[in-house]
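For reference, the chains in residue letters:
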Amino acid sequence: TEIETNFTQILVMFRLINLYILIFFFAACATVPSREEPPLQVVSTVNIKKYLGRWYEIARYPNWFQTDCYAVTADYELAEDGSSIKVTNRCKDRQLNGEMREAVGMAHIADSNTSAKLKVTFFWPFYGNYWIVSLGDDYEYAVVSEPKRQYLWVLSRKPTMDKLKYRKIVESLAKRNFDIGLLKVTPQF
């Protein structure tokens, strides 16, 4: 029946997503930086309650698990247990009016001194680093990476960002040894 076919398709898609996430974490653990860089610094402090809510992806380094993703958002909310954060990433598949893709994971604070270093999992027991390396005074933007600088996201509370603000963020990233030539703007609408 049609319901069984839809269920089978969803199950296959779920298994593929889990496989991709698993491959991502193994690849992230196995990669070695190509040059010696100074340690990546995070922001001095993050108020997690202010950080919660919706973020729009303004730009990112290309990565395999976001191939063909448009109109990317990330929603963070306190999990029912109160000690972890539910992460819901969404994007439109292949085009701005494509089908919605969604991945739900959990995060926990890995550095209680700053709350700027988190560990995120979309496929337990594998975790990835989520480091907040830049943050607007009013939490209007955030920049997220990981210790080896292989992944990078520029996030905003709004679907667009002032061009001057974006340029200043990119300039500051270049000074911190990020390859800004890899940064690609994410279409939002």
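Here, residues in each chain are numbered from 1, in the same order as that chain's written sequence. This being a predicted model, a pLDDT of at least 70 is required before a residue's local features are given, and a value of 80 or more before pairs of side-chain atoms are given or counted; all residues contribute to the totals for chains, interfaces and linings. Each side-chain value is worked out from all heavy atoms of the structure, with water and hydrogens disregarded.

Engineer: Explanation requested: empty space enclosed by the protein in the structure shown.
Structural biologist: Using a probe with the size of a water molecule, rolled over the atoms, empty space left in the structure can be pinpointed. For each structure, a 1 Å grid was placed over the protein atoms alone; sets of points admitting a 1.4 Å probe that cannot get out are labelled cavities, open sets with protein on both sides within 12 Å along at least five of seven lines are labelled pockets, and lining residues have an atom within 4 Å of a point. Grid points are joined across faces, edges and corners, and a volume is the space filled by probe spheres set on the points. Scanning the entire structure with this criterion turns up one cavity of 30 Å³ or more. Roughly 40 Å³ of volume is contained in the largest cavity. Around the largest cavity sit Tyr51, Tyr76, Ile85, Val87, Ala107, Leu118, Val120 and Tyr130, which together line it. If you list the elements that add at least two residues to the lining of the largest cavity, you get strand E3 (85-93) and strand E5 (117-123). Comment: elements are numbered from the N terminus, with helices defined as DSSP H or I runs of at least four residues and strands as E runs of at least two.

Engineer: Help me understand the pairing of E5, please; the structure alone is not making it clear to me.
Structural biologist: Side-chain positions along a regular strand alternate between the two faces of the sheet. One bridge is not enough; two strands pair if DSSP finds at least two bridges between them. The pairing of strand E4 (residues 100-109) with E5 spans four bridges and is antiparallel. Within the sheet, the bridge partner assigned to Ala107 lies in E5 and is Val120. Bridge count for E5 against strand E6 (residues 126-135) is five bridges, and the pairing is antiparallel. Its bridge partner lying in E6, Lys117 is registered against Trp131.

Engineer: Explain the pairing of E4 here, please?
Structural biologist: Inspection of the sheet shows E3 paired to E4 by eight bridges, in the antiparallel sense. Bridging from a neighbouring strand, Ile85 pairs with Ala107 of E4. The antiparallel hairpin formed by E3 and E4 contains six residues in its connecting segment, where Arg94 sits at a positive phi of about 70°.

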